[in-house]
Each structure stands twice: as structure tokens, then as C-alpha cells.
Amino acid sequence: MIYPPPLNLVQFSFLAISEQYLSILTQTPIRLINYRFRYRSPPPFREIDDLSTAIESSPILFPCHFRAVFVNFDPNSYTADQLSISVQAHMAKFAAKNSPACGTCASNVTVSVTLDSNSNCISNGNNVDWKCGALNEFKFAEKHEDGLLDEDFASLLDNNSGAKVYTVVAVKTEQEEVRAVVGKYRHAWIMGRIFEEEAIEKIAEIFVNVFMNGGKEEGLIHGEFMPLGADGRIVLSFNLLNADPHNWIYDWDFQEIDENLLSPVIDALKPLADVSVESQVLYHTPKSSFSFWDDRLDSYIFSTKDLPFFVNSNEWHLDTSVAAGGLSKILQFVVYVPSAKECPLQLQLPNGEISTTNGFISPMWGGIVVWNPSACLTDSKIKHPLRYKISSEDSRKLFEVFMGQLRQLFGLKSDGLFVGASGTSILLASERGFSEWELDVLSRQHSCFNLLQCGTTLGSLSRLVQSLPRMIIMDDIGKQVKYSLEAARLTLSNALLGIYDASAGMFYSSAIWMDCN
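Fair warning: this is a prediction, and the values are worked out from it, not measured in the lab. (Residues numbered from 1 in each chain as written. Predicted model: local features only at pLDDT ≥ 70, side-chain atom pairs only at ≥ 80, totals over all residues. Heavy atoms only, no water.)

(A) Structural context of the packing of helix H2 (residues 45-57) against helix H9 (residues 475-497). As a packed pair, H2 and H9 sit with axes 11 Å apart at the nearest point and diverge in direction by 35 degrees. The crossing of H2 and H9 is left-handed. On the side of H2, the interface is formed by Glu47, Ile48 and Leu51, while H9 contributes Val481, Leu485, Ala488, Arg489 and Leu492. Looking at the contact of H2 with H9 residue by residue, the classes come out as 6 nonpolar, no polar and 2 charged. (Axes fitted to C-alpha atoms, helices over the stretch in contact; angles between N-to-C directions. Helix = DSSP H or I, 4+ residues; strand = E, 2+ residues; numbered from the N terminus. Left-handed = near helix turned anticlockwise from the far one by under 90°. Contact = heavy atoms within 4.5 Å. Nonpolar A, V, L, I, M, F, W, Y, C, P; charged D, E, K, R; others polar.)

(B) Molecular detail of the sheet that holds strand S7 (residues 233-242). Spatially, 5 strands are ordered S9-S7-S12-S15-S14 in an open sheet, and the strand pairing comes out mixed. Looking along the sheet, the strands with just one partner apiece sit at the ends: strand S9 (274-283) and strand S14 (359-362). Mean inter-strand twist for the sheet, computed between neighbouring axes without regard to direction, equals 15 degrees. Sheet topology note: the S7/S9 ladder contains 10 bridges and is parallel. In the strand pairing of S9, leucine 236 is matched with valine 277. Taken strand by strand, helix H6 (residues 254-269) contacts S7 and S9, and its axis lies near 150 degrees from that of S9. Its contacts with the sheet put helix H7 (residues 392-409) on S7, strand S12 (329-337), S14 and strand S15 (366-370), and the angle it makes with S12 is roughly 145 degrees. (Pairing = 2+ DSSP bridges.)

(C) Examining the sheet that holds strand S10 (residues 292-294) more closely. Judged by pairing direction, the sheet is mixed, and its 3 strands sit side by side in the order S10-S11-S13 without closing on themselves. Either end of the sheet is taken by a strand with one partner, and the two such strands are S10 and strand S13 (345-348). Strand-to-strand, the axes of this sheet are offset by a mean angle of 45 degrees, without reference to chain direction. Two elements, S10 and strand S11 (residues 299-303), share 3 bridges in a ladder whose sense is antiparallel.

(D) Representation of the pairing of strand S6 (residues 187-192). Extensive coverage of S6 is indicated by the burial of 6 of its 6 residues. By the alternation rule, side chains of S6 split into His187, Trp189 and Met191 and Ala188, Ile190 and Gly192, which are all buried. Two strands pair when backbone bridges link them, and strand S5 (residues 179-182) and S6 are joined in this way by 4 bridges, in the antiparallel orientation. Note that in S6 the partner of alanine 180 across the bridge is isoleucine 190. In this antiparallel pair of consecutive strands, S5 and S6, the connection spans 4 residues. (Buried < 20%, exposed > 50% of the residue type's maximum accessible area, 1.4 Å probe, protein only.)

(E) Region of the structure containing the confidence of the model for the protein chain. Here the protein chain shows a mean pLDDT of 79. Residues at 70 or above account for 80%. Low confidence marks residues 1-28, where pLDDT is under 50. Its contacts with residues over four positions away, or in another chain, come to 30 contacts. Counting contacts from residues 30-39, a segment whose pLDDT is below 50, to residues more than four positions away or on other chains yields 32 contacts. (pLDDT = per-residue confidence, 0-100.)

Here it is, written out as C-alpha cells:
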């Protein structure tokens, strides 16, 4: 059956007036507009139901490939197959301690093992190439910089196939101290006087709690609250607030910050989100909370219990972005320059200690850093305020704090350490702000939550439309539903294949839901 096109406003008004007029003349209810309800672009109900069932019936598990390399261990103690089985058994124990997280690898893993001893290598069947004897000339007795070691291992573990393989190299040496370091790529290393059983446990814990789960701890922001807009966009809004410009006025060279410090971070996040940046300088921006003078610390103090009242919504006009309309997410990062009446201003932690960063975050909102200028003690009594520019060095320090806050907002650690059951591991920082393995974790989680949200929204829409057979479904809405369905199918297929960079693209199911309402 061919239905007429939908009515425009003029046609609808004409028919509405006509039906009322004819009803009065004939004393009979007449409905001339009923035919418009027959026009609908029916969603693919069966396909939507099949997708929702597939997503909700079982957890979405991404395939992950791990490689363990044992250097200078006795090849007669364990075979490569025995080591692989033992590592997987310990991985299962670590994974069982935590509830399954959306986007994890869970049991969908492979573990390859290589025993490298005196240039003689033994590997199990799942092995990815390892350059046998590559560390024979390495001087283990000398102290090596972690950053240089990281690059050396990156060249040794270069994987030309393009597959994402997470590697831990355990090297048995004569040094008493056992150090575990997680690099900024997809590998880690353990060095020291370590035995097989201890190495197996450390390797398994790094595989599960670091490479799979991102080194997250209780209290950190969960993955489902990742600060991404429904359109896959983030606006990083940087604000320099002068509390009282009668005392002093500070400016900054934000273009230098953007080009030298922010650009690598934006490039790193491209597979995950479309990031844009804006900045502004504001004046007359006092905070809402109160501080008190501490003679012992020789500064003004504001405590953590007052943090909810720090942001002054009436005076801080932060939401000025034109580009961040619609479904984009805005993260505010604020540098607060206190007035002379409360300078220097320090944040006191619950344990009574002073914060080393002098800043804090508000989940899903952003972060604030209190910056005390050197003019605190010298220029507070100047009648005519002087203009200053924050130095490049101070800007770099502020950016480092903001980078740590951004990582926390994404649910990642900012202190560079992972403390586990088998000991402490050092997490090397990347100049891009995020390590490759961390971006993998975020992409897996983001893809998983996208799929769950898409399945839920499309399923709700399907049930709503089927319950209202006379509901109008316009062509553009129908097209968006079909597009979202195909995107979800592709993402689910990519996820099962371990292709989660492409899976991290945002769906428009939320936009569809709002359009239909």
C-alpha cells in the first residue's frame, strides 16, 4: 500500500479546521487527519530484538593476547606449556576477585610463553616471535633509566602483524631488589632475584589488574561514567580565574600550552573521542567557601569538607562554549588565583596534610587548581594592580596537575604506582598523557557501554513503537534507527574480533530517542 506524504503545518491546520466545521454541520464526528497516522517508517523490530538479546544475554568479552618471556630461568624446572597453564590459572584467580567489568577480556585470552636461557629459546604453540638471546649483552648489574629501557623493549617486542599483544618480560638477575615496571606501550618487565613461582604470580597480576582492568582501584571513577558526550565529543574548557583584579591580574600564553602540551594528548585520545579545546580569562571570581588562617602553616586553609561550596556558580561564568552545544561533554579545568585577602591558599586533606597539587576534581564536571602567585607577599598592598603572565614553567606544572585530573576523570590512576597483592609496580607516564595499554582499556570499556546503551535504547524504542501502532515514524527517524542498528552490529562484530579502536565510535541511539520524543 502506498501512503500519502506527511502533512505540513498549513495542510494540517486546514484539515483540522475543516473537520471541526463538517462535524458541526453534520452533527457527526469526522476525522480527516486520521490518514496521517498510517504514514510510518517501521523500524526493523526483529533485528532490534535479536541485537538486544545478544547484547544482554551474555557479557561482551574482548579477545586479549598475552605473552610472557622468562629470561635466565632454569629450563628444566618448567616447560613453556606448564608455565602458560600456571599463568592462566593465576590470572583466573585474580579475575575472580573482582566482579566482571564491562569491556574486560575475562576468560577470552591466550597466553604464549617463551623460555630464553643462554640463547636457547623454548616456546609453546601460541608464541608470538621473540628475538632469542636479545638480552645476552645487557648489563643487568648497571642501573638503567626506565624510560630508556622502555624504548629498548619496545624495539625488541615490535610486532609487525599489527595484533595487540601484551607482554611481560621477567629477567632473573643477581640483584636483590625485584623491580616491576609497566611501560607506556603494551609491555612490562620484572627484574631481580626472582623465582618462577613469584614471577608467575607477578606476571598474572599485571596481565589481569593492569593490562585488562587498567590498574583501577576501589574509589576511582567507574567506566560507565566516562566523561564523553553522546556524540563522541569532549570540550576541554580551560579557565584562568582572577578572584580580585584589584590586587593583581594574571594572564597566560594558552596558545603555547595548546601547541606544546595539549596537542599530544588530543592526538592520543582521537581513537576514543573527538576532543576540542577552548580557554578564557575571567575577573571578579571569588569562591563560595570560606578559609581560615593557620599560624603554623603560615597560610590560609580550606578543607576538603568545604569543597562542594568552592565553585561559585553565580560569579564563575564558565559555560561560554558555542561549539559544545547538543550532546557534547564539557570538562571544566580551572586555575584559581586567590585574592590578597586569602593568599597563600592551601587545600588541607582529611588526614591533616596539605595537598601537594593544591587541587581537586569533581566527577563529570572537571578539576580545579589553586595557584598562589609569588606576588602574595610582595604586592598585596599595591594600590594600582600590576599585570602578570604565568611563566612557561608554572604553566607546565599546572598542566601536569590538570593531566592527572583528566586521567582521574577517565577512571585511571594519577600517582604512577600500582600496588597489588604481589607487590608494587611502577607505571611509566607517557608524554601523550595516556599509555597505549590504557587507551586500549578505555576503548574496550567505552565500546562495551556504547553497545549496552545502544541495545537498551533501541529495544525501548522498538517496544514503544509496537505498543503504539498509530505512532508516526518519520523517514529520518527510521534511517537513524537503521544506521544505529548497523553500527551496533559492526561494533559487536569488531569487539568479538578484538578490533576495539573502530568499536569506540559513538552511536546516535540517544539522539534517536530524543527525536522520537
